[in-house]
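Fold and geometry: a report
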There are 2 protein chains.
Amino acid sequence: MEIQSNSGNFREHLAQQGLRVTNQRLAIFGAALDSEDHFTAEDLLERVHKIDHTISRATVYRTLPILTESNLVREVDIGKDYKFYYTPRGEEPTQAQVICTDCEKIFEMDAPFLEWYGQSVAKKLGLAVDSQRLQVSASCENLKREGSCENCTTEQLVQSL
Amino acid sequence: MEIQSNSGNFREHLAQQGLRVTNQRLAIFGAALDSEDHFTAEDLLERVHKIDHTISRATVYRTLPILTESNLVREVDIGKDYKFYYTPRGEEPTQAQVICTDCEKIFEMDAPFLEWYGQSVAKKLGLAVDSQRLQVSASCENLKREGSCENCTTEQLVQSL
DNA sequence: GTGCTTGCAAAGACTTTGCAAACTT
DNA sequence: AAGTTTGCAAAGTCTTTGCAAGCAC
């Protein structure tokens with residue numbers, strides 16, 4: 001799998017926005033790139049500390065908006081007190097999340113026909129769709145039947161419908 | 001429009017759950033019933049205070065889960081720091097929300113075919129759908145063109161696709 | 001009377017911010 | 001050198017909780 005969102009890309013984004021390239025920002029982006037799954041700000045801080053333990057929580061919180069606004073990292077709100085993030089790896093953006101209520105894992109999914117919904121809505125209300133997300137909450141059937149859940153131990157970041 | 005979720009209904013729910021009928025709970029439910037639109041916990045407190053200004057914030061926060069678990073009030077998370085609530089009025093539950101980024105208004109919508117999505121997902125991941133929501137973020141075309149937004153001043157709680 | 005509820009204020013959880021020192025350009 | 005960025009700790013925002021007094025059953 002090709003990693004498109006490399007550090008060079010990040011440097012460009014910083015330049016574009018008139019921001020400075022600091023070791024902290026590079027380390028934080030590096031840690032985000034290194035995360036295979038969804039992570040919280042706190043998860044990210046922990047991972048960042050393995051690179052440089054002097055980097056502060058504040059800087060992580062200040063850097064995350066830069067990353068999300070650059071689309072190098074995506075923000076996912078599943079209704080918890082804290083937000084989740086993940087680093088997309090060259091795929092098209094996904095439109096749906098499935099949250100397993102058993103293992104709390106978040107699956108990013110493609111939902112190819114989803115846009116139709118938003119557009120139907122837009123017409124009726126005179127609104128123009130900016131973005132839309134489908135959020136599915138689900139529980140593990142395997143876990144119920146056999147007491148174990150394969151998904152919980154497998155990396156399945158993106159699936160298509 | 002028939003109001004089905006009346007106070008008698010609430011008393012029953014309280015009894016069912018082994019909870020006591022207090023003036024505070026009745027006032028809070030009354031205030032929720034009185035709210036035509038989406039409201040926050042703080043909005044609700046304000047409205048409750050018009051009925052009885054001695055009712056505390058804590059009681060409002062403690063009563064909201066009772067109301068949502070009874071399905072007398074529904075909770076909506078649109079990714080802000082605080083949650084929104086609304087009192088459904090006899091309609092079927094909606095499956096989608098459209099949030100106008102201009103007026104911040106939330107429109108509850110029916111999305112009849114939405115369940116298909118969740119079920120497709122469920123099959124692939126071996127998960128059983130518990131619930132699903134479509135969240136559309138949209139901006140007002142009228143506002144852009146003419147500088148005013150009809151929706152912002154109109155009550156349109158539920159629309160069907 | 002028993003024990004659930006309430007109001008108050010304090011605590012909690014996550015995130016943001018003011019400020020002086022440090023760093024990028 | 002000029003102005004951004006950082007770390008620290010404090011503040012902020014929304015929500016929850018411990019406790020003694022009050023109320024429903």
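Parameters at a glance
Residues numbered from 1 in each chain as written. Chains lettered and ligands numbered in written order. Predicted model: local features only at pLDDT ≥ 70, side-chain atom pairs only at ≥ 80, totals over all residues. Heavy atoms only, no water. Helix = DSSP H or I, 4+ residues; strand = E, 2+ residues; numbered from the N terminus. Buried < 20%, exposed > 50% of the residue type's maximum accessible area, 1.4 Å probe, protein only. Contact = heavy atoms within 4.5 Å. Areas by Shrake-Rupley, 256 points an atom, 1.4 Å probe, with all protein chains shown as cover. Near = heavy atom within 4 Å. Polar contact = N/O pair within 3.5 Å; in protein donor to acceptor, adjacent residues only side chain to side chain. Pairing = 2+ DSSP bridges. Core = buried A, V, L, I, M, F, W, Y, C linked by side-chain atoms within 4.5 Å. Expected span 1.5 Å × (residues − 1). Arc of directions from axis to C-beta. Phe/Tyr/Trp six-rings, centres within 6.5 Å; stacked < 30°, edge-to-face > 60°.

**Some points on the overall build of chain A**
Of the regular secondary structure elements, chain A holds six helices and six strands. The buried share of chain A, reckoned over its 161 residues, is 45%. Within chain A, counting contacts between residues at least 6 apart in sequence, those at least 24 apart form 53% of the total. Carbon and sulfur atoms provide 45% of the accessible area of chain A, an area that totals close to 8600 Å².

**With respect to the environment of Q95(B)**
Residue and element names in this part refer to chain B. Relative to the helices and strands, Q95 is located in the loop between β2 (84-86) and β3 (96-100). Here the alpha-carbon distance between Q95 and I51, two residues 44 residues apart in the chain, equals 32 Å. Ignoring any residue separated from it by four or fewer positions in sequence, one finds Q95 in contact with M109, D110, A111, P112, L114, Q132, R133 and L134.

**Here's the deal with the protein's contact with DNA strand C**
As a matter of local geometry, DNA strand C sits amid 22 residues, with R20(A), Y61(A), R20(B), T59(B) and R62(B) nearest to it. Within 4 Å of the protein, the atoms of DNA strand C are drawn from sugar and phosphate moieties in a proportion of 70%. The side chain of Y61(A) places a nitrogen or oxygen atom 2.4 Å from a phosphate oxygen of DNA strand C. Between DNA strand C and T59(B), the relevant distance is 2.2 Å, taken from a phosphate oxygen to a side-chain nitrogen or oxygen of the residue. Those elements that provide at least two residues to the surface near DNA strand C are α4 (57-69) of chain A together with α2 (23-34) and α4 (57-69) of chain B.

**Re the pairing of strand β5 (residues 127-140) of chain B**
Taken residue by residue, a regular strand's side chains alternate between the two faces of the sheet. Bridge count for strand β5 (residues 127-140) of chain A against β5(B) is 13 bridges, and the pairing is antiparallel. If you follow Q135(A) over to β5(B), its bridge partner there is R133(B). The pairing of β3(B) with β5(B) spans five bridges and is parallel. If you follow I99(B) over to β5(B), its bridge partner there is S137(B).

**Observations concerning the nonpolar core**
With 30 residues, the main nonpolar core has V98(A), L127(A), L134(A), V98(B), L127(B) and L134(B) as its most contacted residues. Not counting chain neighbours up to four residues away, the residues in contact with V98(B) comprise V121(A), L125(A), L127(A), K105(B), I106(B), F107(B), M109(B), V136(B) and A138(B).

**Quick notes on helix α5 (residues 114-125) of chain B**
Look at α5(B): 18 Å from first C-alpha to last across twelve residues, which is about the 16 Å you get at 1.5 Å a residue. Among all positions of α5(B), only L114(B), Y117(B), G118(B), S120(B), V121(B), A122(B) and L125(B) are buried.

**Thoughts on helix α3 (residues 41-51) of chain B**
All names here are of chain B. Residues A41, L44, L45 and V48 constitute the buried set of α3. Each buried residue of α3 sits inside an arc of 100° when the element is viewed along its axis, so together they form one side. Opposite its buried face, α3 presents the exposed residues E46 and K50, each directed more than 90 degrees away. Next to the buried residues of α3 lie α2, α4 and β2.

**A look at the protein's contact with DNA strand D**
Around DNA strand D sit 21 residues, and of these R20(A), R25(A), T59(A), R62(A) and Y61(B) come closest. Here, DNA strand D places atoms within 4 Å of the protein, and 71% of those atoms are sugar or phosphate. Within the contact set of DNA strand D, a phosphate oxygen lies 3.0 Å away from a side-chain nitrogen or oxygen of S56(A). Residue V21(B) places a main-chain N or O atom 3.3 Å away from a phosphate oxygen belonging to DNA strand D.

**Brief notes about the side chain of Q132(B)**
Here Q132(B) shows up in strand β5. Contacts of Q132(B), omitting those with residues within four sequence positions, involve L134(A), Q135(A), V136(A), Q95(B), L114(B), E115(B), Y117(B) and G118(B).

**Concerning the packing of aromatic side chains**
Here the distance between the centres and the angle between the planes together describe a pair of aromatic rings. Residues and elements named next belong to chain B. Here the structure, examined in full by the defined rule, presents six aromatic pairs over all chains. Note on F10 and F29: the rings are 4.7 Å apart at their centroids and 40° apart in plane angle, and the pair reads as tilted. In this pair, F10 sits in helix α1 (residues 7-16) while F29 sits in helix α2, placing the two residues 19 residues apart along the sequence. Side by side, F10 and F29 carry an identical accessibility label, which is buried.

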